[in-house]
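Single-letter residue listing:
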Amino acid sequence: MGLRIPPIKVKYLIENPNVIREIMNLIEEIKKEPAKFPRKLIYLAGGWPQDPPPKLLKETIINILNDEKKFLRSVQYGPTRGLTETIETIVVYEREIFNRKVEPDNIFIGNGSTELTFSLINSVLDDEHEIILTRPHYLNYLRQTILATSPAVKVKYWNLIKNNEYYPSLDELQSLITDKTVLIILSSPGNPDARILDDETYRGIIEIAKDKGVLVINDIAYRGFWYSRKPEYFSKEIEENEIIICTFSKELRIPGLRMAYILCNNEEILKRMEVIEQTINLCPNSFSQLIIAELLGKRDNLKIISEFIEKGRLLYKKVSEFTYENVKDLEGVFALKPEAGFYVFFNHEKIEKNSKKFCNDLLIKKQVALAPGYDFGLDGWTRLSFSLAVLTPEYIKEGITRIKEFIEEEKSVKEIL
């Protein structure tokens, strides 16, 4: 006898799996049987940093382990919203590093931005509501929306790219909003497009949403990696209808510690978040929180961390320019120039309109792994991540050389046919 549990949500997720996770399964096959493939794998699909975290981090962890009182606190339950000392440290971190004034009551800590996004969607969205995502958008937003509600939930898309140009229109956004719209989710700096909404556009989004009674979430995971201009919304005080999701994963190169937080001055949302997180997770990881409190709780350390973030920003900027210059010269490709973040997002419709096929064929034929734009809501585009090789740009160059070979071979095949 089969299970009587209705499988609607899980069925959708199974039928629409995360393509990056699928690519990683293929990569595991390559690792198990490398002899089947002529070349060593070039992995440029994932979006995490490979350069090391601040040297202070290891010292901080050792100090906690050697202090019996701190160690015991690090392995105990804490409050659902986060440890008091960690919240107070984040207040200082926001002020000193990003020049943003926040109060302790505006902060809610979680085990990574993915968890916090899911809880936020759960806190405001029901099946009869509408949500607006950008196109392209971070690949987890749609799955989280469906898991929080149902596959039938109404999702609308605000197009950020038109005719291969980054051109978000406020008029288009306003036309999407109805009396059932409750939420707009942004990521700026963007994933996968690596672009930044300008300040005028961002202010317009907040004002339109405020006038319509709509909540705006902005996931700013890549705020430490701006290249052309630093937007004012990295620093401004939070509006009542605005929630900012922040993470230490990229800024401090610690994705495995799962440390993130939201900035929100809407107490109703924070109360909803608290009861949801109590149900899902009880409380955020105490050990990770204590590491952050100890690492960032000293003024001398903050100066070192500020220098670390700025040095990293300049390194990633240099590698982003190197990667873009090489990708944009590929025949039949149009690439968006990165303004922030870890990615070069490029259109390859002249070569192959199906991005999943483009990436799968590239992986099998040339052992280069990229992330297809299909899963980000924009087919015909693909995301190349340079974060995995900022210390070894020759690795990126080799990957792009193989992509060039692949494109030339595909073109030859089409000409023969």
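Scroll up a little and you will see the structure.
What you see is a predicted model, and the numbers here were worked out from it, not measured in a lab.

Draft legend 1. Quick peek at the sheet that holds strand E15 (residues 381–385). Taken in spatial order, the four strands line up as E11-E12-E15-E14 in an open sheet, and their pairing is antiparallel. Single-partner strands in this sheet number two, and they are strand E11 (334–335) and strand E14 (371–372). Of the strands in this sheet, E11, strand E12 (343–347) and E15 are in contact with helix H13 (residues 299–327), which crosses E12 at around 15 degrees.

Draft legend 2. Helix H9 (residues 199–212), seen in detail. The terminal C-alpha atoms of H9, which comprises 14 residues, lie 20 Å apart, in line with the 20 Å expected from a rise of 1.5 Å per residue. Listing the buried residues of H9 in full gives Thr 201, Tyr 202, Gly 204, Ile 205, Ile 206, Ile 208 and Ala 209. Elements in contact with the buried residues of H9: strand E4 (154–159), helix H8 (170–176), strand E7 (181–186), strand E8 (215–219) and strand E9 (242–247). N-capping of H9 is provided by Asp 198, with a side-chain oxygen placed 3.1 Å from the backbone N of Glu 200.

Draft legend 3. Looking closely at helix H3 (residues 55–66). The terminal C-alpha atoms of H3 lie 18 Å apart, and with 12 residues this matches the ideal 16 Å at 1.5 Å per residue to within 8%. Listing the buried residues of H3 in full gives Leu 56, Leu 57, Thr 60 and Ile 64. Seen from one end, H3 has its buried residues packed into an arc of 105 degrees, which puts them on one side. Exposed residues pointing more than 90 degrees away from the buried face of H3 are listed as Lys 55, Lys 58 and Asn 66. Those residues of H3 that are buried are in contact with helix H4 (68–74), helix H12 (286–296) and H13.

Draft legend 4. Quick look at the layout of surface pockets. Roughly 600 Å³ of volume is contained in the largest pocket. Of all elements in the fold, only helix H2 (19–32), helix H6 (113–124), helix H7 (140–148) and helix H10 (248–251) reach the threshold of two or more residues within the lining of the largest pocket. Take the lining of the largest pocket: its biggest share by element is three residues, from H6. Residue composition of the lining of the largest pocket, by class: 10 nonpolar, 11 polar and five charged. A volume near 300 Å³ is recorded for the second largest pocket.

Draft legend 5. Structural view of the packing of aromatic side chains. Applying the stated criterion across every chain yields a total of 16 aromatic pairs. With 5.3 Å between their ring centres and 55 degrees between their planes, Tyr 93 and Phe 248 make a pair best called tilted. Here Tyr 93, found in helix H5 (residues 84–98), pairs with Phe 248, found in helix H10; they are 155 residues apart in sequence, far enough to count as distant. Just as Tyr 93 is buried, Phe 248 falls in that class too. Ring plane angle 85 degrees and centroid distance 5.7 Å describe the contact between Tyr 233 and Phe 234, whose orientation is recorded as edge-to-face. Across the pair, Phe 234 and Tyr 233 agree in class, each one buried. Every member of this aromatic cluster is reached through a ring pair, and the members are Tyr 222, Phe 225, Tyr 316, Phe 342 and Tyr 343. The ring of Phe 98 has Arg 223 sitting right over it, with the charged end atom 3.6 Å from the ring centre. We note Arg 313 situated over the ring of Trp 226; from NZ or CZ to the ring centre the distance is 3.9 Å.

Rules of the game
Residues numbered from 1 in each chain as written. Predicted model: local features only at pLDDT ≥ 70, side-chain atom pairs only at ≥ 80, totals over all residues. Heavy atoms only, no water. Pairing = 2+ DSSP bridges. Helix = DSSP H or I, 4+ residues; strand = E, 2+ residues; numbered from the N terminus. Contact = heavy atoms within 4.5 Å. Axes fitted to C-alpha atoms, helices over the stretch in contact; angles between N-to-C directions. Expected span 1.5 Å × (residues − 1). Buried < 20%, exposed > 50% of the residue type's maximum accessible area, 1.4 Å probe, protein only. Polar contact = N/O pair within 3.5 Å; in protein donor to acceptor, adjacent residues only side chain to side chain. Arc of directions from axis to C-beta. 1 Å grid on protein atoms, 1.4 Å probe; cavity = no way out; pocket = protein on both sides within 12 Å on 5 of 7 lines; lining within 4 Å. Points joined across faces, edges and corners; volume = space filled by probe spheres on them. Nonpolar A, V, L, I, M, F, W, Y, C, P; charged D, E, K, R; others polar. Phe/Tyr/Trp six-rings, centres within 6.5 Å; stacked < 30°, edge-to-face > 60°. Lys NZ or Arg CZ within 6 Å of the ring centre and 35° of its normal.

Just geometry here; none of it tells us what the structure is for.
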